[in-house]
Amino acid sequence: MQKVVYISNSRNYTEQNDINDNKYLVRLNKLLEDGWVISQMNTQTVDVDPNLDRYLHKETLVSFVILEKPE
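I will try to describe carefully the structure that is included in this document. (Residues numbered from 1 in each chain as written. Predicted model: local features only at pLDDT ≥ 70, side-chain atom pairs only at ≥ 80, totals over all residues. Heavy atoms only, no water.)

## Some thoughts on the overall build of the chain
Okay, step 1: Broken down by element type, the chain carries 1 helix and 3 strands.
Okay, step 2: Going from the N terminus to the C terminus, the chain shows its helices and strands as β-α-β-β.
Okay, step 3: Taking as baseline every contact in the chain between residues at least 6 positions apart, the subset at least 24 positions apart corresponds to 68%.
Okay, step 4: Carbon and sulfur atoms provide 50% of the accessible area of the chain, an area that totals close to 5400 Å². (Helix = DSSP H or I, 4+ residues; strand = E, 2+ residues; numbered from the N terminus. Contact = heavy atoms within 4.5 Å. Areas by Shrake-Rupley, 256 points an atom, 1.4 Å probe, with all protein chains shown as cover.)

## Observations regarding helix H1 (residues 23-33)
Okay, step 1: Listed in full, the buried residues belonging to H1 are Leu25, Leu28 and Leu31. Buried positions in H1, seen along its axis, are confined to an arc of 120° and lie on one side of it. Of the residues in H1, the exposed ones pointing more than 90 degrees away from the buried face are Lys23 and Glu33.
Okay, step 2: Glycine 35 sits one or two positions beyond H1 and adopts a positive phi of about 105°. (Buried < 20%, exposed > 50% of the residue type's maximum accessible area, 1.4 Å probe, protein only. Arc of directions from axis to C-beta.)

## A few points about a nonpolar patch on the surface
Okay, step 1: Residues Val4, Tyr6 and Phe64 make up a contiguous nonpolar surface patch of roughly 290 Å² in combined accessible area.
Okay, step 2: Counting through the fold element by element, valine 4 comes out in strand E1 (residues 2-12). (Patch = residues over 30% accessible without salt bridge, like charges linked within 9 Å, V, L, I, M, F, W, Y side chains within 5 Å. Salt bridge = Lys/Arg side-chain N within 4 Å of Asp/Glu carboxyl O.)

## Things to note about the nonpolar core
Okay, step 1: Among the nonpolar cores identified, the biggest contains 8 residues, and these are Val5, Ile7, Leu25, Leu28, Leu31, Trp36, Val65 and Leu67.
Okay, step 2: Looking at this core, the elements with two or more residues in it are E1, H1 and strand E3 (58-68).
Okay, step 3: Looking at which element gives the most residues to this core, the answer is H1, with 3 residues.
Okay, step 4: If near-sequence neighbours (up to four positions away) are discounted, leucine 67 is found in contact with Met1, Gln2, Lys3, Val5, Leu28, Leu31, Leu32, Trp36, Val37 and Ile38. (Core = buried A, V, L, I, M, F, W, Y, C linked by side-chain atoms within 4.5 Å.)

Here it is in structure tokens:
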């Protein structure tokens, strides 16, 4: 059985909070704890428009993760 999970993370480089509190990572970590394993992960960094001053220190990462659950 396979499942596709979408991950998105946009954060300010100066943020001090734990990256693992990201709602997508919390869900993915729960699936991993339930026995799912990552079979493929496609990660891409998305460019942020430099004209948006409030986003100058942000990075945005998106990923599609294919999980498999052994029978």
